[in-house]
Every structure is written in C-alpha cells, then in structure tokens.
Amino acid sequence: ARLVVLVSGAGTNLQALLDACADPAYGAQVVAVGADRPGIAGLDRAERAGLPTFVAQVGDFPSRAAWDEALTALVAEHEPDLVVSAGFMKILGPRFLDRFTVVNTHPALLPAFPGAHAVRDALAYGVKVTGCTVHFVDAGVDTGPIIAQETVKVGWHDDEESLHEKIKQVERRLFIDVIGRLARNGWTHRDERHVSMKCSV
Ligand code: GRF
C-alpha cells in the first residue's frame, strides 16, 4: 500500500513507520511526506530518507477551503491508498476527507481528552490511566471510528513531558502494528463506529 504521511513536529511516529517499511513483509511504503509548516524535524527525516516532501500552510491561502483544496491536490499527486496523520496538528477539510481514507494517532484514550493538549488535559483531570488511540479520521476533532487503543499508567511523579514520552513509546508500536494490518489486509468499515475489521488488534 502507498502511504502519504502528514506531520507537524518531531516525526518520531513517521520515523518508526519508515523503519517498519524497510521490511518488504510490512506491506507498505511511504511515498511522500507533507506538513502544515516548514522547518520541522519530521520533514528532515523524510528528506534524509530520500522522500518527496511538501508544505501547505493554512496562512498562505485566502481561506480554509482553499487550503483544503491545495492539500488535497498535493497529496493526490502521490496517489496514496491511505493517508497517515502522524502528529499532524490541523483539522482536515471536507474535500480531503471525501477523497482519502485517513488514519490518525492520538495520545489519549478517546473519547476522553480530544484536541491538541490531550496529555496536559489528562494530567490536569487526574486520571491514573491514559494511553493512545489509533482511529479513522472523520470531520470532527478526534471523533472518528476507533481501530485500536492501548493503556499507559500515570505515575505520581509524571509531568506532561514524561507522560507524553511514555505514551509515545506505546503509541509508536500500536500505530506501526495497525498501519501494517491496514496496508496488508485493507479495510471496509471506515465509516462505522464499531471497527471490527481484519486489522483490529
Ligand atoms: C504524538 O503523540 C501524536 O499522537 C500527537 O503528537 C505526537 C507526535 O509526535 N498528536 P511525533 O511528531 O510523531 O514525534
């Protein structure tokens, strides 16, 4: 399966995916990496891997709709079977979601703590268990059908940084596992709430 990966930051999930794709048995290849901002480590990782990259910044377009259209066209050039949002911090638009199947990874146990500050919000609430979620993307903020989740215990001494690092270690493993299953087995239930496909873990 051909994957286009979208990133906004460090790109450690992207790196894990690139490493996994080095094994032909994994069944997927990253064909391009896109970002919503320039100068991020995620883009450097892609360039080091010799992959084409592109940037579409919301602020460079007259409207959100124009950005949606441009991003859709940039991704479409690479003809992906699946788009992977790996720490991409923008809400994807209707045109994009109409065209592509998108999988996202989120550092909390959805539907708890959606949004951009999931780890901080979970800590502030005082939960003792949190985790990560891999899900299909729909028009809402972290609301799409859940594919897989894994838990992480919150230590009494954890701060946002240490907890996010713990989550990211579990998250990378889960994410790689799910993307590989989707790539090898396909998917049929992306619009249904209960994803009980061959890729469920
Ligand atoms: C991940 O925890 C992801 O779930 C969140 O941001 C982090 C991205 O990390 N939205 P990286 O850029 O893959 O290192």
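Procedures and definitions
- Residues numbered from 1 in each chain as written.
- Predicted model: local features only at pLDDT ≥ 70, side-chain atom pairs only at ≥ 80, totals over all residues.
- UniProt positions renumbered as here; feature names shortened; annotations may be inferred.
- Helix = DSSP H or I, 4+ residues; strand = E, 2+ residues; numbered from the N terminus.
- Contact = placed C-beta atoms within 7 Å.
- Buried ≥ 20, exposed ≤ 12 C-beta atoms within 10 Å, placed from the backbone.
- Pairing = 2+ DSSP bridges.
- Axes fitted to C-alpha atoms, helices over the stretch in contact; angles between N-to-C directions.
- Parallel < 35°, antiparallel > 145°, perpendicular 65-115°, else oblique.
- Left-handed = near helix turned anticlockwise from the far one by under 90°.
- Nonpolar A, V, L, I, M, F, W, Y, C, P; charged D, E, K, R; others polar.
- Near = placed C-beta within 6 Å.
- Domains from an automatic or database assignment.

1. Concerning the UniProt feature "active site" (unreviewed entry) in the chain
The feature "active site" (unreviewed entry), as given by UniProt, occupies H106 in the numbering adopted here. As for its position among the elements, H106 is in strand β5 (residues 102-106). Setting aside anything within four residues of it in sequence, one finds H106 in contact with A118, C132, T133, H135 and D142.

2. Brief notes about the pairing of strand β4 (residues 82-85)
In β4, alternate side chains face the same way, and those of L82 and V84 on one face and V83 and S85 on the other are all buried. Two strands pair when backbone bridges link them, and strand β1 (residues 2-7) and β4 are joined in this way by four bridges, in the parallel orientation. Note on β4: the bridge partner recorded for L3 is L82.

3. As for the packing of helix α1 (residues 12-21) against helix α2 (residues 41-48)
Following both chains from N to C, one finds α1 and α2 inclined at 20 degrees, their axes separated by 9 Å at the closest point. If you check the angle between α1 and α2, you find them roughly parallel. Considering how the two elements wind past one another, α1 and α2 form a crossing that is right-handed. Here α1 contributes L14, Q15 and L18 to the contact with α2, which in turn contributes G42, R45 and A46. Its residues placed into classes, the contact of α1 with α2 shows three nonpolar, two polar and one charged.

4. Side note on unusual backbone geometry
P111 follows L110 through a cis peptide bond whose omega is 10 degrees. Locating P111 in the fold gives a position in the loop between β5 and α5 (118-125). Within the chain, F113 stands out as a residue other than glycine whose phi angle is a positive 55 degrees. Relative to the helices and strands, F113 resides in the loop between β5 and α5.

5. Focus on the site of the ligand
Surveying the vicinity of the ligand reveals 15 residues, the closest of which are G9, A10, T12, N13 and G87. Of all elements in the fold, only α1, β5 and α6 (160-185) reach the threshold of two or more residues within the shell around the ligand. With three residues, α1 is the single largest residue contributor to the shell around the ligand. Tallied by class, the residues present in the shell around the ligand amount to five nonpolar, eight polar and two charged. Counting contributing residues, the shell around the ligand receives three or more from each of domain 1 (1-100) and domain 2 (105-201).

6. Let's talk about the domain arrangement of the chain
Along its sequence, the chain is carved into domain 1 (1-100) and domain 2 (105-201). Relative placement of domain 1 and domain 2: their C-alpha centres are 19 Å apart. Tallying the contact residues gives 18 residues for domain 1 and 16 residues for domain 2. Those elements giving two or more residues to the side of domain 1 that touches domain 2 turn out to be α1, β4 and α4 (94-99). Residue classes in the side of domain 1 that touches domain 2 are distributed as 14 nonpolar, four polar and no charged.

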